[in-house]
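Overview (structure and organization)
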Amino acid sequence: MTEAEGIVGEFNSLKADSDADVLAMQVGDFYEFFDEDAKLVGEELDLKTSKKSSGGVKYPMAGVPVSELTPYLKALVERGYRVAVADQRETESGHVREITRVVTPGTLLDVTDADARYVAAVVEDDGVYGLAFADVTTGQFSVTTVDDEDARDGALTELYRFDPVEVLPGPRVREDDDLLGTIRDRTSATLTLHESSAFAPGQARHALTEQFGAASLESVDIEAAATVGAAGAIVDYVEETGTGLLASITRLQRYGDAAFAELDSTTQRNLELTETMQGGVEGSLYSVLDHTVTSPGGRRLKSWLQRPRQSRDALDERLASVDALTGAALAREELREVLGDAYDLERLASKATSGSADAGDLLAVRDTLAVLPAVEEIIENAPRLTDSPLRAIAERPDRERAAELHEALDDALAEDPPKTVQEGGLLTRGYDEELDELIERHEELERWFDTLDERERRQYDLRHVSVGRNKTDGYYIQIGKSAADEAPDHYENVKTLKNSERFRTDELAEREREIMRIEERRGELEYELFCELREQVADCAETLQDVGRALAEIDVLASLAVHAVENDWTCPTLAAPGEGIDIEAGRHPVVEQTTDFVPNDLSLSEQRAFLIVTGPNMSGKSTYMRQTALIVLLAQIGSFVPARSARIGLVDGIYTRVGALDELAQGRSTFMVEMQELSKILHSATDESLVILDEVGRGTATYDGISIAWAATEYLHNEVHAKTLFATHYHELTTLADHLDRVANVHVAADERDGEVTFLRTVRDGPTDRSYGIHVADLAGVPGPVVDRSNTVLQRLREEKAIEAKGSGGGGSAETKQVVFDVGSGQMTAASTDGGDAATADAADSGETGGSDPLTEQFGEDAADVLDELSAVDVAETSPIELMSAVQEWRERLDD
Ligand code: ADP
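Summary of the structure given here.

Glancing now at the pairing of strand S26 (residues 743-753). Every regular strand shows the same layout, with side chains that alternate between the two sheet faces. Counting buried positions over the eleven residues of S26 gives eight, a clear majority of the element. In this sheet, S26 lies alongside strand S21 (residues 610-614) in parallel orientation, the contact comprising five bridges. The residue of S26 that forms the bridge with threonine 614 is histidine 747. Where S26 meets strand S27 (residues 756-765), seven bridges bridge the pair, whose relative direction is antiparallel. Following the sheet pairing, glutamate 752 is matched in S27 by valine 757.

If you want it as structure tokens, here you go:
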């Protein structure tokens with residue numbers, strides 16, 4: 001068998017043993033891909049493929065140098081492939097190749113962006129969903145159980161919140177095509193089918209006990225079989241990838257519903273927390289609020305926004321810290337400056353445990369560990385900060401251990417270490433005696449070689465002599481051609497070049513052997529010592545994670561303080577749930593950045609729990625409602641808020657339903673989506689929730705819409721008792737305030753003079769009297785005649801008078817078709833030509849009075865049909881869109 005066949009054969013059999021999509025196999029200094037895999041990487045990564053032919057068979061192959069595999073791995077994994085890596089090892093009987101790791105989206109460590117990369121597992125058991133999320137880049141591991149009525153929805157919300165890069169569906173979830181489809185749509189995750197047995201409660205619990213120890217497993221107290229299955233499966237999976245990443249996962253965190261306020265995925269999107277409805281980051285609350293100086297800080301702020309808390313104690317502590325930081329400008333800036341030197345410790349800890357950290361990474365660990373005492377010192381020296389909970393945050397990690405590790409690294413690492421571990425020069429003098437001796441001897445030998453030419457020149461009176469070293473010849477003495485004859489006898493000629501001769505001597509050869517021995521030993525020893533050091537860092541992973549988290553938290557708190565100071569925000573007063581919400585001169589945190597914002601008050605209480613918000617289109621209803629939700633949310637992450645004052649009774653969840661722009665773009669039925677969202681709110685909200693409804697029932701016929709909005713209002717008011725803001729264009733609903741105790745009307749005021757509307761942006765008590773829709777049509781550039789005609793129609797509707805439909809016949813002979821919308825019955829009826837006063841007036845406009853001849857005679861069959869259809873339309877039961885398209889169609893038929 002030829003070498004090529006052997007290698008391709010070996011490749012194929014290794015590949016068959018793995019469940020990876022692609023295999024990279026080390027062959028000497030290269031990682032090679034063969035056959036299908038070579039084609040795939042060639043196409044995906046623009047890698048040059050060549051053909052290796054052997055025994056009449058041609059194999060495509062592609063390769064990358066060993067030192068350059070990482071970026072290719074990353075690119076493949078980011079395209080969703082699982083890549084196995086087989087390394088080559090020397091043994092006494094030759095090369096051995098075996099798969100050492102399988103890299104997948106969730107286990108890719110070498111990431112450059114700041115976002116967390118979660119691998120998630122989701123398991124369903126008897127209607128209960130268990131979810132586990134592990135971020136191997138930081139070691140964060142969280143599990144939760146969702147077991148309420150809408151467990152499936154809840155599970156999706158969690159998945160959406162964590163936005164994993166890889167999802168392991170449990171055995172039953174795999175059969176739920178619908179759920180898998182939604183996961184595919186809503187996240188950018190790769191779905192991986194891990195062995196079913198890993199999800200089984202027994203095996204899963206075993207894996208968890210191995211990883212976290214029985215005690216911590218017990219203290220975390222995960223009971224649900226689904227959750228145990230999900231958590232255990234991830235542990236098993238990460239282990240199986242062989243990437244060594246498991247060691248970074250040290251702590252199991254369970255989060256339950258009680259700690260956090262509910263914020264479903266729809267609401268996260270509607271409130272544009274981390275991205276806007278259009279999908280951009282710019283313009284989101286996060287983009288406005290983020291002044292963090294480290295990437296872990298940014299990550300933390302994001303997760304706070306997505307998971308507002310319910311615990312008043314925890315929030316009061318955060319607020320006290322932010323408050324202290326707002327009042328200590330100098331110390332705050334100092335803090336941010338030193339925090340700016342911090343690297344991503346949680347990630348570095350993971351790299352150390354997986355053995356992929358290089359000297360630069362260890363230096364980064366060292367430097368970041370130095371940040372903590374600097375932070376402590378700043379806190380100690382600023383009395384406002386000393387007395388705040390910040391101090392406890394900084395003191396939370398095991399500082400002694402951190403300091404020891406810092407010292408160890410500082411003693412060991414050279415200041416400017418080389419990029420790769422193999423190069424030498426990683427460690428300082430004085431760190432290890434043997435190493436020092438080797439270095440000294442090495443330097444002595446180097447000096448000997450450096451001065452050799454000088455000595456030889458003097459001793460043998462040589463001209464044009466120099467000493468060099470290269471890979472093939474080793475060390476040599478080189479003499480220019482013209483002087484080569486003068487070489488002493490003991491010089492052994494080893495090479496003749498064009499202009500010179502190369503020689504060696506016994507002494508030179510001996511010293512060369514020694515220097516090579518020393519170089520080898522020095523390399524080995526340095527590497528050994530470095531690995532020990534890395535091991536030492538890995539042993540401190542948990543401490544490093546704690547330090548990283550503490551620094552991230554302080555970064556977020558300082559960022560919140562910066563924003564509060566710069567934007568004149570105020571510290572909210574938190575109150576018990578159910579105590580209502582009182583905001584004085586509140587603003588929208590994002591809109592206020594770009595607009596001369598008009599602040600507004602808001603008061604929701606037990607007695608006044610449901611506000612119906614009316615006002616012209618574009619007057620600011622949505623903004624008012626969203627700002628309320630955002631102020632509550634900000635208070636519940638422990639931030640100051642954009643208001644003159646705010647008293648916030650904590651809510652257990654924020655639910656929103658707003659105009660579904662994005663769903664429209666996705667081609668889903670808006671009305672269906674609207675109703676699903678409404679249904680979710682009516683099911684899930686409680687008397688401690690905040691509900692924001694921005695129009696309900698618009699997507700259907702008017703009477704349907706009003707009925708649904710009406711009934712939903714009654715239900716929220718009578719059964720749910722949630723604090724609710726409901727913006728509607730159905731003025732009929734404003735009368736509900738007269739009949740339901742806790743419902744009140746507010747409106748966003750506008751001023752109308754001489755037909756010009758000025759938006760005042762001020763929210764006042766009471767309902768508006770109309771919607772100013774025609775004014776907006778005018779603003780939007782709808783043609784003048786249509787605007788004028790709308791005004792006439794509106795006027796007649798208000799006066800409850802019949803309106804006739806204007807139309808003109810074909811063939812140039814203008815004619816009025818007289819159809820009347822009867823407000824009383826809501827029906828369109830054909831009017832008699834000698835009908836009402838308006839009809840006469842309009843008929844006169846058209847320049848001809850209708851004669852007695854029937855329409856059919858004038859316009860043919862079509863006109864009569866159209867008229868029939870027109871009469872049959874039930875306006876109250878037809879949506880405006882349908883009406884418009886029907887009118888369009890009739891017109892086309894009549895034009896014909
Ligand atoms: P509506 O929901 O009534 O149609 P929006 O809330 O969408 O109106 O507001 C329309 C526009 O008015 C928005 O672009 C917003 O920037 C601006 N706006 C809303 N409220 C205010 C305010 N209080 N101060 C200044 N501008 C506002």
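Here the focus is helix H11 (residues 295-306). In a regular helix each residue adds 1.5 Å, so twelve residues correspond to 16 Å; H11 covers 17 Å between its end C-alpha atoms and thus fits that length. Among the twelve residues that make up H11, nine are buried, leaving the element largely enclosed by the rest of the structure. Pro296, Gly297, Gly298, Arg299, Arg300, Leu301, Trp304, Leu305 and Gln306 are the residues of H11 that are buried. For H11, the capping residue at the N-terminal end is threonine 294, with a side-chain oxygen 3.0 Å from the backbone nitrogen of glycine 297.

This next bit is on the environment of threonine 70. With respect to the helices, strands and loops of the structure, threonine 70 is situated in helix H3 (residues 69-78). C-alpha of threonine 70 to C-alpha of leucine 108: the two residues are 38 residues apart in sequence and 9.9 Å apart in space.

The next thing to look at is the sheet that holds strand S25 (residues 723-727). Strand order in this open sheet of seven strands is S13-S23-S24-S25-S21-S26-S27, and the pairing throughout is mixed. Both edges of this open sheet fall to strand S13 (262-263) and S27, since each of them pairs with a single strand only. Relative to strand S24 (residues 689-694), strand S23 (residues 653-657) is paired through five bridges, and the arrangement is parallel. Considered in S24, the bridge of threonine 656 is made with isoleucine 692. Across the sheet, helix H24 (residues 621-635) touches S13, S21, S23, S24, S25, S26 and S27, and the angle it forms with S24 is around 160°.

This paragraph deals with the site of the ligand. Among the 14 residues in the neighbourhood of the ligand, the closest are listed as Val598, Met618, Lys621, Ser622 and Thr623. Backbone polar atom of glycine 620 to an oxygen atom of the ligand: 3.0 Å apart, as the coordinates give it. Here the ligand loses 78% of its free accessible area of 560 Å² to cover by the protein chains. In terms of residue count, H24 provides more of the shell around the ligand than any other element does, three residues in total. Split into classes, the residues belonging to the shell around the ligand amount to five nonpolar, six polar and three charged.

Below, the discussion takes up the packing of aromatic side chains. What the rule picks out here adds up to ten aromatic pairs. Ring centres of tyrosine 118 and phenylalanine 133 lie 6.3 Å apart, and the angle between their planes is 85°; this geometry places the pair in the edge-to-face category. Within this pair, whereas tyrosine 118 is found in strand S7 (residues 118-125), its partner phenylalanine 133 is found in strand S8 (residues 128-135), the two being separated by 15 residues in sequence. Judged by its relative accessible area of 9%, tyrosine 118 is buried. For phenylalanine 133, a relative accessible area of 0% gives the class buried.

Strand order across the open sheet formed by four strands is S14-S15-S17-S16, with antiparallel pairing between neighbours. Sheet topology places strand S14 (465-470) and strand S16 (492-496) at the edges, where each strand pairs with a single neighbour. The average angle at which neighbouring strand axes cross in this sheet is 35°, direction not considered. Across six bridges, S14 lies against strand S15 (residues 474-480) in antiparallel orientation. By the bridge assignment, arginine 469 is partnered in S15 with tyrosine 475. Helix H20 (residues 452-460) contacts S14 and S15 of the sheet and is inclined by roughly 145° relative to S14.

This paragraph deals with the side chain of arginine 534. With respect to the helices, strands and loops of the structure, arginine 534 is situated in helix H21 (residues 506-539). For the buried arginine 534, no salt bridge is present, and the opposite-charge side chain at shortest range is glutamate 535, 6.2 Å distant. With sequence-adjacent residues up to four places away left out, arginine 534 is seen in contact with Ala352, Gly355, Ser356, Ala357, Leu362 and Tyr527.

About the cut-offs
- Residues numbered from 1 in each chain as written.
- Predicted model: local features only at pLDDT ≥ 70, side-chain atom pairs only at ≥ 80, totals over all residues.
- Heavy atoms only, no water.
- Buried < 20%, exposed > 50% of the residue type's maximum accessible area, 1.4 Å probe, protein only.
- Helix = DSSP H or I, 4+ residues; strand = E, 2+ residues; numbered from the N terminus.
- Pairing = 2+ DSSP bridges.
- Expected span 1.5 Å × (residues − 1).
- Polar contact = N/O pair within 3.5 Å; in protein donor to acceptor, adjacent residues only side chain to side chain.
- Contact = heavy atoms within 4.5 Å.
- Axes fitted to C-alpha atoms, helices over the stretch in contact; angles between N-to-C directions.
- Near = heavy atom within 4 Å.
- Areas by Shrake-Rupley, 256 points an atom, 1.4 Å probe, with all protein chains shown as cover.
- Nonpolar A, V, L, I, M, F, W, Y, C, P; charged D, E, K, R; others polar.
- Phe/Tyr/Trp six-rings, centres within 6.5 Å; stacked < 30°, edge-to-face > 60°.
- Lys, Arg positive; Asp, Glu negative; His and termini not counted.
- Salt bridge = Lys/Arg side-chain N within 4 Å of Asp/Glu carboxyl O.

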